[in-house]
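Working through the structure, step by step
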Amino acid sequence: MTTQRSPSVRRRRLAAELQRLRKETGVTREQVAEHAGCSPVTVTRIESATSAATVALVAMMLDLYEVAGERREALLQLARDARKRGWWYKVSEAIPEWVQSYVGLEEEAATFQEYQPEFVPGLLQGEGYARAVMKSAPVLPPEEELERRLSIRMKRQERVLERADPPKMWFILNEAVIRRPVGGAETMRDQLQRLIHLSETNHVTIQILPFAVGVHPAMDGGFTILSFPKPSDPDTVYVEYWQGSVYLEDPSEVDAYVLLFNHLRARALGPDQARNLIAQAAREM
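What you see is a predicted model; the values in this text were computed from it and never measured.

**Side note on the overall build of the protein chain**
Scanning the protein chain from N- to C-terminus turns up 12 helices and 6 strands. A principal-axis box enclosing the C-alpha atoms of the protein chain has dimensions of 65 × 45 × 35 Å. Looking at the protein chain as a whole, 47% of its 285 residues are labelled buried. If you take every contact in the protein chain between residues at least 6 apart in sequence, the share linking residues at least 24 apart comes to 75%. Counting every atom, the protein chain has about 14400 Å² of accessible surface; 51% of that belongs to carbon and sulfur. Each charge class in the protein chain was averaged separately, 36 positive and 39 negative side chains, and the resulting centres sit 2 Å apart.

Here it is in structure tokens:
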């Protein structure tokens, strides 16, 4: 399946380039703001990829940084691409604002490394399981809204898992994920069978962290490490919490989570053993 590449990643790449050029030039954000006729806060938001810069503003920044020729045109095209709207824009009211950036990143990631302690990751959820998770919220949305959110989740799966070049995905799930009967026994059996099926594909690896391991270094919660095809796109750690999320891009923070994931991978059951345990859990439902 062919997908339109995500503007979220383009914005991050442009932000990193503009910040690097400013530092190389030795000017402050205040000086950039004065030159471009905007506020220092605007420069900060552009450099942090919080806001998409206009092409005209990027052009003024490149004037200050004395960037010309092919490099200038490439950055201006990047600015144009970064302002395009992803497919989710039309349904953005059904996706929390703090999730929208992640939707853009997951579409262009080359690899996922994810640990989940309580529930099946969204990209692996079957429809029945996903509906049950959504219905567990303290305040339920109207049925029409719930079905809309469910449709969006299924579309996200389609655009990531069924594209022509699917990402390499490595999931480590706490044993609680496969033992907790979400949506009832039948729904859970279907979900476990789906996990087995996905784990047999070339691009999805699933391990289980068994209860027998006892205490482990990721008891604080789940996380996702996203890597991208271009070296200019920094690896990102996504940590979601109730009603919000954080993105970590500092290399030292990313390296810490990579180390954490590797420790979990070493303690978890291998893919074949994990499939056997998942199948056993399905039989016991």
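Moving on, there is more to tell.
**Some words on the sheet that holds strand β2 (residues 168-174)**
Judged by pairing direction, the sheet is mixed, and its 6 strands sit side by side in the order β3-β2-β1-β4-β5-β6 without closing on themselves. Two strands lie at the open edges of the sheet, namely β3 (204-209) and β6 (244-248), each paired on one side alone. Across the sheet, the mean angle separating the axes of adjacent strands is 15 degrees when strand polarity is ignored. Direction of pairing for strand β5 (residues 236-241) relative to β6: antiparallel, over a ladder of 5 bridges. Its bridge partner lying in β6, Val 237 is registered against Leu 248.

**Thoughts on the packing of helix α4 (residues 55-65) against helix α5 (residues 69-82)**
Their axes nearest at 9 Å, the elements α4 and α5 cross at an angle of 155 degrees. Considered as vectors, α4 and α5 are oriented roughly antiparallel to each other. For α4 against α5, the interelement crossing comes out right-handed. The residues of α5 that touch α4, namely those facing Val 55, Val 58, Ala 59, Leu 62 and Asp 63, are Arg 72, Leu 75, Leu 76, Ala 79 and Arg 80. Class assignment of the residues belonging to the contact of α4 with α5 gives a composition of 7 nonpolar, no polar and 3 charged.

**Digging into the pattern of salt bridges**
A complete count under the given rule lists 16 salt bridges for this structure. The residue Glu 17 makes a salt bridge to Arg 20 at a minimum N-O spacing of 2.7 Å. Within this pair, Glu 17 and its partner Arg 20 are both found in helix α1 (residues 7-25), separated by 3 residues, close to a single helical turn. Linking Glu 47 and Arg 22 is a salt bridge whose minimum nitrogen-to-oxygen distance equals 2.6 Å. Of this pair, Glu 47 sits in helix α3 (residues 40-47) while Arg 22 sits in helix α1, placing them 25 residues apart in sequence. Here Glu 47 matches Arg 22 in class, with each residue buried. One network of salt bridges, in which partners are shared, links Glu 17, Arg 20 and Glu 24.

**Comments concerning the nonpolar core**
Core analysis: the largest hydrophobic core is formed by 34 residues, its most contacted members being Leu 195, Ile 206 and Ile 208. For this core, the elements supplying multiple residues, two or more each, are α6 (97-108), α8 (143-161), β2, α9 (175-179), α10 (185-199), β3 and α12 (271-284). Excluding residues within four positions of it along the chain, Leu 195 makes contact with Val 120, Leu 124, Leu 173, Ile 178, Ile 206 and Ile 278. Counting 21 residues, the second largest nonpolar core, distinct from the first, contains Leu 18, Val 27, Ala 36 and Leu 62.

**Structural notes on helix α11 (residues 251-267)**
Between its terminal C-alpha atoms α11 stretches 24 Å, which fits the 24 Å expected from 17 residues at 1.5 Å a residue. Turning to α11, its buried residues number three or more, namely Val 254, Leu 260, Phe 261 and Leu 264. For α11, the buried positions fall inside an angular range of 120 degrees around the axis, keeping them on one side. Exposed side chains of α11 directed beyond 90 degrees from the buried face belong to Pro 251, Asp 255, Leu 259 and Ala 266. Lining the buried residues of α11 we find β1 (111-116), β2, β3, β4 (223-227), β5 and β6.

Thresholds, definitions, all that
- Residues numbered from 1 in each chain as written.
- Predicted model: local features only at pLDDT ≥ 70, side-chain atom pairs only at ≥ 80, totals over all residues.
- Heavy atoms only, no water.
- Helix = DSSP H or I, 4+ residues; strand = E, 2+ residues; numbered from the N terminus.
- Buried < 20%, exposed > 50% of the residue type's maximum accessible area, 1.4 Å probe, protein only.
- Contact = heavy atoms within 4.5 Å.
- Areas by Shrake-Rupley, 256 points an atom, 1.4 Å probe, with all protein chains shown as cover.
- Lys, Arg positive; Asp, Glu negative; His and termini not counted.
- Charge placed at Lys NZ, Arg CZ, Asp CG, Glu CD.
- Pairing = 2+ DSSP bridges.
- Axes fitted to C-alpha atoms, helices over the stretch in contact; angles between N-to-C directions.
- Parallel < 35°, antiparallel > 145°, perpendicular 65-115°, else oblique.
- Left-handed = near helix turned anticlockwise from the far one by under 90°.
- Nonpolar A, V, L, I, M, F, W, Y, C, P; charged D, E, K, R; others polar.
- Salt bridge = Lys/Arg side-chain N within 4 Å of Asp/Glu carboxyl O.
- Core = buried A, V, L, I, M, F, W, Y, C linked by side-chain atoms within 4.5 Å.
- Expected span 1.5 Å × (residues − 1).
- Arc of directions from axis to C-beta.

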